[in-house]
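Architecture and fold: a report
Chain by chain, the residues run as shown.
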Amino acid sequence: MKIILPPHPTSIIQLLIISKPLFPIGRGSLSHLVNRPEELNISENKGLEMPITPMEVYKLLPKTNCKKCGEQTCMSFAFKLINREKKLEDCTPLFEEKKYAGQLKELQKLLEPLQEATETGLIVDEDLCVGCGNCVVVCPVHAAEDPKGMGSGFGPTIEDPILRIEDGVVKVIEMMKCRRYGKNRVLCVACRENCPSDAIRFLEG
Amino acid sequence: MPDGMSTCTGCSCLCPDIVIKDSKIFNACRKGSSIFKHQDERIEPSIEGKKVKFEEALNKAIDIISSSEKLAIFGLDTIPLEAQEVAIELAKKRKAYIDDNSAFCLGDFIELILKGDLPTTTLDDVKSNAYVIFYWGTDPYNSLSRHLSMYTYYPRAGKRQRGYEEDRYLVVADVRESHTAKLVKKNAKFIKVESDEALVEGFLSSMEGKAGKYYEETGRILKEMQRGKFNVIFGGLGLKYGLNGKYGRFIEMIKKMNELAEVYFIPAGFHANMRGFNELMFEKTGSINRYSFETESSAPEYEFSELVKNDSIDTALIVGSDPANSLPFDVVKKLKEINIVLIDPKPSLTSKIAEVVIPSAITGIDQGGTMVRSDGVRIKIEPLLEGEYTDESILQKILEGVS
Ligand code: SF4
Ligand code: SF4
Ligand code: SF4
Ligand code: SF4
């Protein structure tokens, strides 16, 4: 499949291209992406921290494809690292072999933002949030699971929404339900796209 | 605060789905949740800054109001209809002036709607039917934070089940790229307006088949309106000041648009029950604000700030408002010279300069009542707990007490 790159290639696209052979990304989501090139400009990241790309991580790994981490390739490991499916410690050569010490240090620095992110990579900045609820209402998972509540503009009537507004600001409750994560991930940017103050961002773009 | 459900009176959206559980506030926006969060920061009854018993403050207020020669009642936009009604009675009894914030807010639009000059609809109908959602001279993200998510662009309801990307068309017209304008992506249009009058003319020429200013934008929007059948324009302060009191062409524009498709107008939003006050006044006097029960007429010089500026009053009864914070500095200086009786639940700049302070309640927390949403729908609000005093009961006692 040919993917047309926008003038400023974004990490999301890199992520998709790189991940394509590794993970079954739904056909629908890719063609959706190609049909709407304007949606690709999503990770301009307006002055926020740059997202971490698998390529950046890969460059610092041993690149030996030794499989000790349980992955077939270092690239695959890099990808899963960013998605929280693997921990840096799983790459044992990095820690055991002296020659990687410098790279290890750099990697640890690079991956620092992972700490402040939620388990699956979504970061919210409460200071920027006014609790408008756009993200809560727009989320397709919310609309499907709670059509009378969040899908219709109200607060959640289910116990475990992905996001909800608490004390006037957005809070992440059940990130595992987000469509960007898990085996059948699709490229969803609805919550971030509809936050006027950039209070939501994704770790990897 | 007890657990429960309530309606937020932080603005005229009157969001009905606020949940309070274990002192946490759910679903309200930042502005709304702070009302609930800080609800226990209350003011004490006082006379000339000294704490007194509630009854003493009340009696002193009755004395001051009874002996006033030129009284104005002001504020009233955050209290329920039932209390506003008593305030209007009191103004009538004392042949006083009465005014709220609407004269420098969106009162003009409310008046045009009440007089039938602009076709209007409800937010519930917008939610179920509206296709083009047009914000003109307003940034709801910052002032009416849940407007788009609760009522207009984002909810799926009625005929608009497919979500904003397919079932809504967003238009934002503003002098700058506001937060709300950032939401304009695909299937949407942002118009950077230099002159609101020119944009009105642009729409009119477009409908006459002429290429005027903003030709491309207006043409596209009109096409979308035809496609959507049911459309709505929300006008804010930017539009009001942009039109500068000349509403004729705007009214004509909406009329012409309605030959193409249904196009309704709703004022964007304001204080929780400003529209309620305007509607009550309109019902009782034919005017919406700046009214004198002495001359039985409304006039620009009866606007509260004008009355203060021109030394037209000796006493002000201020209810649920903080003019010492909102009025210009030189007017506040004059305000300090007159007698002020304040009825309000919270400490404010005005409470610092008031002769008498009478603590009241917060609607939705410790008093109930009816409020009028920005679209004119009356919302019955149940309190979370029973307060000792309400705006209505305080005003009723003053009404009975004054001679
Ligand atoms: S353990 Fe480290 S070096 Fe080995 S394949 Fe995994 S990432 Fe590469
Ligand atoms: S990315 Fe999509 S699915 Fe995930 S929380 Fe945001 S809107 Fe919901
Ligand atoms: S869209 Fe942004 S500002 Fe609005 S509630 Fe969500 S995170 Fe907060
Ligand atoms: S939008 Fe207005 S009514 Fe709704 S929660 Fe916010 S302040 Fe309260």
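Cut-offs and rules
- Residues numbered from 1 in each chain as written.
- Chains lettered and ligands numbered in written order.
- Predicted model: local features only at pLDDT ≥ 70, side-chain atom pairs only at ≥ 80, totals over all residues.
- Heavy atoms only, no water.
- Helix = DSSP H or I, 4+ residues; strand = E, 2+ residues; numbered from the N terminus.
- Buried < 20%, exposed > 50% of the residue type's maximum accessible area, 1.4 Å probe, protein only.
- Near = heavy atom within 4 Å.
- Nonpolar A, V, L, I, M, F, W, Y, C, P; charged D, E, K, R; others polar.
- Phe/Tyr/Trp six-rings, centres within 6.5 Å; stacked < 30°, edge-to-face > 60°.
- Lys NZ or Arg CZ within 6 Å of the ring centre and 35° of its normal.

Positioned with a positive phi, Asp-167 of chain A is a non-glycine residue whose angle comes to about 50°. Within the element layout of this structure, Asp-167 of chain A appears in the loop between β2 (163-166) and β3 (169-172). A relative accessible area of 24% places Asp-167 of chain A in the partly exposed class. The phi torsion at Lys-95 of chain B lies on the positive side, around 45°, for a residue other than glycine. Checked against the element boundaries, Lys-95 of chain B lands in the loop between α3 (81-93) and β7 (97-99).

With that settled, consider the site of ligand 4. If you check the shell around ligand 4, you find Cys-8, Gly-10, Cys-11, Cys-13, Leu-14, Cys-15, Ala-28, Cys-29, Lys-31, Gly-32, Ser-145 and Arg-146 of chain B and nothing else. Here the shell around ligand 4 is built from residues that sort into 7 nonpolar, 3 polar and 2 charged.

With that out of the way, let us pick up the site of ligand 1. Contacts to ligand 1 come from Pro-62, Thr-64, Asn-65, Cys-66, Lys-67, Lys-68, Cys-69, Cys-74, Phe-77, Cys-91 and Pro-93 of chain A. Its residues assigned to classes, the shell around ligand 1 shows 7 nonpolar, 2 polar and 2 charged.

Turning to the packing of aromatic side chains, a few remarks are in order. With the rule as written, the count across this model stands at 17 aromatic pairs over all chains. With a centroid separation of 4.9 Å and 70° between ring planes, the pair formed by Tyr-291 of chain B and Phe-293 of chain B is classed as edge-to-face. Accessibility classification places Tyr-291 of chain B together with Phe-293 of chain B in one group, the buried group. Residue placement shows Lys-63 of chain A over the ring face of Tyr-58 of chain A; its charged tip is 5.9 Å from the ring centre. One Lys or Arg, Lys-127 of chain B, reaches over the ring of Phe-154 of chain A and ends 3.9 Å from the middle of that ring.

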